[in-house]
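Analysis of the macromolecular model
As a plain string of letters, each chain reads:
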Amino acid sequence: MPYLEIHDLTVSYEKNKPTLERFSLHVEQGELLSLLGPSGCGKTTTLRSVAGFIKPDAGQILINDRDYTRLPPNQRDIGLVFQSYALFPHLTVFHNVAFGLRMRRIPKDEVYSRVANALKMVGLEAFADRRPAQLSGGQQQRVALARATVIEPQVLLLDEPLSNLDAGLRVEMRQEIRRLQQQLGITTLYVTHDQVEAMSISDRVVVMNQGEIEQIGRPESIFAAPETVFVADFMGFDNHFTAVVESVRDSKLTVNWGGNPIELRWHSKFGSPQSGARAEIFFRADNASLLAGREASGLAGQVILHTFHGNELQYLVETEVGELSIKQDSASERFAPGEAVTVQAQTQKWIAILEDREQNA
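One numbering rule holds for all chains: residues counted from 1, following each sequence as written. Two thresholds apply to this predicted model, a pLDDT of at least 70 for residue-level local features and 80 or more for giving and counting side-chain atom pairs, whereas whole-chain, interface and lining totals are computed over all residues. The side-chain figures draw on all heavy atoms in the structure; neither hydrogens nor water molecules are used.

1. Brief notes about the sheet that holds strand β21 (residues 351-354)
- For two strands to be treated as a pair, DSSP must find at least two bridges joining them. Secondary structure elements follow DSSP: runs of H or I no shorter than four residues count as helices, runs of E no shorter than two count as strands, and numbering proceeds from the N terminus. Across the sheet, which stays open at both edges, the six strands sit in the order β11-β15-β21-β14-β13-β12 with mixed pairing between neighbours. Of all the strands in the sheet, just β11 (239-244) and β12 (247-249) have a single pairing partner and so form its edges. Taken over all neighbouring pairs, the strand axes of this sheet differ in orientation by 40 degrees on average, direction set aside. Convention adopted: a line fitted to C-alpha atoms gives each axis, helices being fitted over their contacting stretch, and angles between N-to-C directions are expressed from 0 to 180 degrees.

2. Some remarks on the sheet that holds strand β4 (residues 58-63)
- The sheet built from four strands is open, its strands ordered β2-β1-β4-β5 with antiparallel pairing. Unpaired on one side and paired on the other, β2 (17-28) and β5 (66-67) mark the two borders of the sheet.
- Sheet topology places strand β1 (residues 2-14) next to β2; eight bridges connect them, and they run antiparallel. Paired with glutamate 14 across the strands is lysine 17, a residue of β2.
- We call two residues in contact whenever any of their non-hydrogen atoms come within 4.5 Å of each other. Running at roughly 115 degrees to β1, helix α1 (residues 43-51) makes contact with β1, β2 and β4 of the sheet.

3. Focus on helix α2 (residues 93-103)
- Val93, Phe94, Asn96, Val97, Ala98, Gly100 and Leu101 are the residues of α2 that are buried.
- Those residues of α2 that are buried lie in contact with α3 (108-121) and α4 (137-150).
- Just downstream of α2 lies arginine 105, where phi reads positive at about 60 degrees. Whether a residue is buried, partly exposed or exposed follows from its accessible area with a 1.4 Å probe, protein chains only, as a fraction of its type maximum: under 20%, in between, or over 50%, in that order.

4. Focus on the nonpolar core
- Formed by 35 residues in total, the largest nonpolar core has its most connected members in Val97 and Val115.
- Counting residues per element, the ones that place at least two in this core are α2, α3, α4, β7 (155-159) and α5 (167-184).
- It is α4 that provides the largest number of residues to this core, a total of six residues.
- Among all residues touching valine 115, those that are not within four sequence positions of it are Phe94, Val97, Ala98, Leu101 and Val150.
- To qualify as a nonpolar core, a set must consist of buried Ala, Val, Leu, Ile, Met, Phe, Trp, Tyr and Cys residues joined through side-chain atoms within 4.5 Å. Cys41, Leu189, Val191 and Met208 belong to the second largest nonpolar core, which has 28 residues in total.

5. Things to note about the pairing of strand β6 (residues 78-81)
- Of the two faces of β6, the one holding Ile78 and Leu80 and the one holding Gly79 and Val81 are both buried throughout.
- Pairing of β6 with β7 involves four bridges; the strand directions are parallel. Of the residues in β7, the one forming a bridge with isoleucine 78 is valine 155.

6. Structural notes on the environment of arginine 22
- Inspection of the secondary structure puts arginine 22 in strand β2.
- Placed 38 residues apart in sequence, arginine 22 and glutamine 60 show a C-alpha to C-alpha distance of 10.0 Å.
- Contact partners of arginine 22, with chain neighbours within four places excluded, come to Asp8, Leu9 and Thr10.

7. A closer look at the domain arrangement of the chain
- Residue ranges for the domains trace back to a domain assignment, done automatically or taken from a database. Entries for the chain in the domain assignment read domain 1 (2-231), domain 2 (237-284 + 347-361) and domain 3 (288-345).
- Computed from C-alpha coordinates alone, the two centres of domain 1 and domain 3 are separated by 43 Å.

8. Concerning the pattern of salt bridges
- In the sections that follow, a salt bridge refers to a side-chain nitrogen of Lys or Arg positioned within 4 Å of a carboxyl oxygen of Asp or Glu. Under the counting rule described, the total for this entry stands at 12 salt bridges.
- Among the salt bridges present, the one from arginine 142 reaches glutamate 172, with a minimum N-O distance of 2.9 Å. Here arginine 142 is found in helix α4, whereas its partner glutamate 172 is found in helix α5, with 30 residues between them in sequence.
- By relative accessible area, which is 11% here, arginine 142 ends up buried.
- By relative accessible area, which is 36% here, glutamate 172 ends up partly exposed.
- Note that arginine 179 and glutamate 176 form a salt bridge whose closest N and O atoms lie 2.6 Å from each other. Taken as a pair, arginine 179 and glutamate 176 lie in helix α5 at a separation of three residues, close to a single helical turn.
- Taken together, the shared-partner salt bridges in this structure form one network comprising Arg142, Glu172, Glu176 and Arg179.

What follows is the structure in structure tokens.
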């Protein structure tokens, strides 16, 4: 049964221009669900509405069957972790973490016990007397996590919590947040624009675009099986070209690839595709390979450039369907700019998406 429920939420910053319109979402108890999308897609508006910082025009927000829609933020049993940490610079780590408990008039002995446990969970028990300016960015974010969780909230909200950290710290803090969330079993709504972050930390991912849900599912399905052109582009499918459907059989359709038929799995929101319909074909750079010269079994191309990426070489190849990005093991045969090659498809990880309502019915 859903624990956090958002029903038909409508939020407008400008008259007649809703950022969210009849937006609905359910989060299960103990689940970490990420809202993923570009700036302006509505993910932070959703989170701030749940937090009570935005008053919706319409709709309802329920947590554990209690209506939170009109409650002020200070009456919502919610933990918040912000992008900027939002720590009190004049207070010690201990007193930053204790702040929410004292606002709730928790007895002094219990405050000390709960703060000590919270700091131990995030590995900062030795830093209790320091002030935020004496901590690293990662340590400050741990303090913010301890402060948000020490109150034992109904729901934990995290708004781009790692965007101010460098790459190494982001990986470390992703693991820390996931460990802590699973240890405490807190229902969590996590906002990010970083695909890797969402994939690595979430039970489910919601990909948002212009205030609507494009796709929702487990990270593995979002990564491997995008259902719309927007999701495929956003999830980093390097290569995209348009093809005409030649035939359809069960879960596969056939298109032409360099004069040869190839079968691909497909997705359409408008029913089964028909022969002659246009399909948008997506594949990642490591889902194809290069052979020297011209081969009848693939697509003819010419190398434009190549770049070295440690264990991989990435090639940009000009073909009849446009420029394609192909990755190969750096120990394999190398190709120079201007060299003729053949691109061979590895279609088991390719996806065909059909979004033309009129052609696919």
